[in-house]
Each structure stands twice: as structure tokens, then as C-alpha cells.
Amino acid sequence: MELNITPLIDREKERPFLIAGPCSAETEEQVMETAHQLKEQNIHLYRAGIWKPRTRPNSFEGVGKVGLKWLKRVKKETGLKVTTEVANKDHVFEALKHDIDVLWLGARTTVNPFSVQAIADALEGVDIPVLIKNPINADLGLWIGAIERIYKAGIKQIGVIHRGFSSPGNTMYRNAPMWQIPIDLMAKYPDLTIICDNSHICGRRDTLQTVAQRALDLNFDGLMTEVHPSPDDALSDAKQQITPFIYGELVKDLNVRKANFQNPATLTDIKDLRHEIDIIDAEIFEILGKRMKVAEAIGRYKKANNIAILQPTRWGEILMKAVEIGKEKGLSEEFVASFLKAIHHESIKHQEEVLKEQVKSK
Ligand code: PEP
Ligand code: MN
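Residues numbered from 1 in each chain as written. Chains lettered and ligands numbered in written order. Predicted model: local features only at pLDDT ≥ 70, side-chain atom pairs only at ≥ 80, totals over all residues. Heavy atoms only, no water.

Draft legend 1. Broad picture of the overall build of the protein chain. From N to C terminus, the protein chain includes 13 helices and eight strands. Along the first, second and third principal axes, the C-alpha atoms of the protein chain reach 70 × 55 × 40 Å. Counting over 362 residues, the protein chain shows a buried share of 46%. Across the protein chain, contacts joining residues at least 24 apart in sequence account for 73% of those joining residues at least 6 apart. Per element, the accessible surface of the protein chain, about 18800 Å² overall, is 54% carbon and sulfur. Positive and negative side-chain charges of the protein chain, numbering 49 and 50 respectively, have mean locations separated by a distance of 4 Å. (Helix = DSSP H or I, 4+ residues; strand = E, 2+ residues; numbered from the N terminus. Buried < 20%, exposed > 50% of the residue type's maximum accessible area, 1.4 Å probe, protein only. Contact = heavy atoms within 4.5 Å. Areas by Shrake-Rupley, 256 points an atom, 1.4 Å probe, with all protein chains shown as cover. Lys, Arg positive; Asp, Glu negative; His and termini not counted. Charge placed at Lys NZ, Arg CZ, Asp CG, Glu CD.)

Draft legend 2. Region of the structure containing helix α12 (residues 312-328). The terminal C-alpha atoms of α12, which comprises 17 residues, lie 25 Å apart, in line with the 24 Å expected from a rise of 1.5 Å per residue. Three or more residues of α12 are buried, namely W315, I318, L319, A322, V323 and G326. Here the buried residues of α12 occupy an arc of 130° about the axis, which is enough to place them on one side. Away from the buried face of α12 by more than 90 degrees, exposed residues T313, M320, E324, K327 and E328 are located. G330 occupies a position one or two residues after α12 and carries a positive phi of about 80°. (Expected span 1.5 Å × (residues − 1). Arc of directions from axis to C-beta.)

Draft legend 3. Seen up close, the packing of helix α5 (residues 113-123) against helix α6 (residues 140-152). Their axes nearest at 9 Å, the elements α5 and α6 cross at an angle of 20°. Between α5 and α6, the angle is such that the two are roughly parallel. Handedness of the crossing formed by α5 with α6: right-handed. Facing α5, whose interface residues are P113, V116, Q117, I119, A120 and L123, α6 presents L142, A146, R149 and I150. Among the residues making up the contact of α5 with α6, the classes are represented as eight nonpolar, one polar and one charged. (Axes fitted to C-alpha atoms, helices over the stretch in contact; angles between N-to-C directions. Parallel < 35°, antiparallel > 145°, perpendicular 65-115°, else oblique. Left-handed = near helix turned anticlockwise from the far one by under 90°. Nonpolar A, V, L, I, M, F, W, Y, C, P; charged D, E, K, R; others polar.)

Draft legend 4. Representation of the environment of L68 in the model. Tracing the sequence through the fold places L68 in helix α2 (residues 66-78). A relative accessible area of 0% places L68 in the buried class. Expressed as a C-alpha distance, the spacing of L68 and R149, which sit 81 residues apart in the sequence, is 26 Å.

Draft legend 5. Main features of the coordination of the manganese ion (ligand 2). Those donors, C23 (SG), H200 (NE2), E226 (OE) and D237 (OD), are the protein atoms that reach the manganese ion (ligand 2), and they lie 2.1 to 2.4 Å from it. Counting gaps between the donor residues of the manganese ion (ligand 2) yields the pattern C-x176-H-x25-E-x10-D. Of this pair, C23 sits in the loop between β1 (17-21) and α1 (28-39) while E226 is found in strand β8 (residues 222-226), placing the two residues 203 residues apart along the sequence. Just as C23 is buried, E226 falls in that class too. (Donors = N, O, S within 2.8 Å, 3.2 Å for Na, K, Ca; no water.)

Draft legend 6. Fine view of the domain arrangement of the protein chain. When its domains are assigned, the protein chain resolves into domain 1 (17-252) and domain 2 (264-361). At the interface, eight residues of domain 1 touch seven residues of domain 2. Both faces considered, domain 1 and domain 2 share a buried interface measuring about 670 Å² in area, 57% of it formed by carbon and sulfur atoms. Among the residues domain 1 hides against domain 2, the three largest losses belong to Q180, D217 and L218. Together they make up 50% of the total. Here domain 1 and domain 2 share one residue pair in polar contact (both at pLDDT 80 or more) between them. Counting only elements with at least two residues in the side of domain 1 that touches domain 2, the list comes to α7 (180-188) and α9 (208-217). Its residues placed into classes, the side of domain 1 that touches domain 2 shows four nonpolar, two polar and two charged. (Domains from an automatic or database assignment. Buried area = accessible area lost by both parts, 1.4 Å probe. Polar contact = N/O pair within 3.5 Å; in protein donor to acceptor, adjacent residues only side chain to side chain.)

Draft legend 7. The arrangement of the pairing of strand β5 (residues 130-133) in detail. Burial along β5 is two-sided: the residues V130 and I132 and L131 and K133 are all buried. Pairing analysis gives three bridges linking strand β4 (residues 102-105) to β5, with the strands arranged parallel. Pairing of L105 across the sheet is with I132, part of β5. Alignment of β5 against strand β6 (residues 158-162), held across four bridges, turns out to be parallel. Across the sheet, V130 pairs through a bridge with I158, a residue of β6. As a crossover connection, the stretch from β5 through α6 into β6 is right-handed. (Pairing = 2+ DSSP bridges. Right-handed = clockwise from strand over helix to strand, strands pointing away.)

Draft legend 8. A look at the environment of K303. Here K303 shows up in helix α11 (residues 268-304). Since its relative accessible area comes to 25%, K303 is described here as partly exposed. Each C-alpha atom, one on K303 and one on K356, is 9.8 Å from the other, the two residues being 53 residues apart in sequence.

Set out below in C-alpha cells:
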């Protein structure tokens, strides 16, 4: 679908567009104190969750609409614009009634087309900017579907928030960034304002800076970061929130590069491309590591059932399939075959190790 999107920000003047504020509005004092301190950090938009989607019941589920009055007070006292998450049509009506400037859809909403459609219906005929977080699972189609639903309701100012994707296993991230997905989205819709939620990607404080810098290096328009006056005491997402002071340091340390190729003589362009390559390479090795773990599990199975490591028929099938997929991606047969042979060789070595270990332990 063709989208005629109006950017949420002025890319010349407002990059990086800074959205910050607590995960949840907890008390009026906490909301006001954070807002006043963030105003001094020159943020562009103040965030606070009023209704919180929590994994388990009996967790803090947000203060509800009383918090919208606090956000109104933020607007009045600081002049900051404010945003909150809406997950159903009642949230939309309440937020509009309280003059919230920007709405956002959370990851658990984007994942469900029924919920997105209900919000789109509630927004019919309303003129308000909407930010759409990626769905929990790594499905670009689902993300695009949500953008299209909101667009069809007549909303023209649409942006997206990349908050990473749920992925099994222990990685260093709370939600794996899988940068290639937002990169594909940017390529498809260059006018879409794209924000990186480094807080929900990291899930911890010590990596917020690196992920924020990476997002800017990948030409994201801005950041959404959770900030709390006393992070350890936060009622939600305590581990990833930072104080307004630390937030200020983070922003100061960002290296803001040029957004586009205004001066072809500079080396900025090539640097950005190299950064992208580095990130992709890191992802390739992460995936290869995972593949080896699976190969080892198969090795244990082969040992238990006394099956030979090399299965020529299976190997032939893998190779044929890979060559086919490779062709679709513009990769030569020669390259695919040699690449896969190297991987296969390494898998066999890992499986041999597994067999040896089990023999030793007998
Ligand atoms: C949040 O922004 O606090 C939130 C609940 O985020 P997400 O939808 O990304 O989980
Ligand atoms: Mn949060």
C-alpha cells in the first residue's frame, strides 16, 4: 500500500528527537519532578505509561486516567508535549479528552490486528500523531499492517518505535534488536519517523548508550528512553530506568552524525555503511553460534542412538536447498556451497567433541 506519510519531526532541526520519561506515571510528584528535570535536558516529548500491559496480573498495572491530569499539568508547567500508550478505544477517548499530544501503540497491541483495528476505528476523523511500536515477534508484515490500519483511519503523522523483538534464550538484550528489520522498514517508507526505544531493547542500564549510538549511526530519527527520579524504586521496569542526570550524560555523549549525504566529499557515508556491515556481521556470528548449539544437540541424539555423524543424504538436501535460497538472494552457487561447507565442517567438529565428551564421562 502507498502511504503518503507526514514526518512527525523536522529532520533538519529536531534530530535526534528525544522522547523520555518514566515507564509508568506513579505519583503526581514523580511525574512532575521528572518532567521538570527533563525539560532542562531539552527533550522534545515527555512519555509516561498510564495503563501498563504487564506480563503477570498483580503487577502494577498503571494509575489509570488520574495520571492523564498529571500529564496535563506537565504540559502547562513545562510547555513539554506529552505522549502515552493506548491499548483500546477507551484509552484513546480518555487520552484525547485530556489533550495528550501524541499517542503510542505498545508492542503487545501491534501484535494483535483486532486491537489495532479497534484503535484505528476510535481515531477515525481525529488529527493526532501516532507512534507504533514493533510487534513483540520479529514480523515486519505485522508491523506494516498496523501502520496501514492507522493510516487508513486518516492519521497522516505516523512514526514507529523500534523496541526490539522477543527471542528465546539468553542474549545480552531484553529484546533482540535485529536491526535488519527496522532497516528494511526505513527503506520501504523513508518518510516514517523512526525512533529507537533503547530502554526496552536493553532491559538494563549499562548498554543503553551503545544501543542509542548504534541507532543514531543507523540513521534513526531519535530515541525513547525511560527516566525515573529514583530508578531502583520504580514500580515497573526498574532495571532499565535511569535518573534524569544520567540521561543528560547519555545524550551529551552521543555522536550525532549527519542524516544524509549533503556533502559527498566527507567520509561520513562510507563510515555509516561500514558500521552497518559490522552490525550485520555480528548478527551472522550470533546466528552461527546458535546453529552450532543445535548441531551439538543433534550430536547427543546421534550418540544416544548410535548413529553416524555424517548423514550424506541429509547433507545433500541441505546444500541443494541453500543453493536455491542463495540464488533468490543474488548469491552465487559457488559462494553458497563453500560457505555452507565451512559451516558443516565446523558442525561436524562440534559433534565430534560431544561424542568424545560422552565417551570420557562413561
Ligand atoms: C513501555 O513503553 O513502557 C512499554 C510497555 O513498552 P513495550 O510496548 O515496548 O513493551
Ligand atoms: Mn517500560
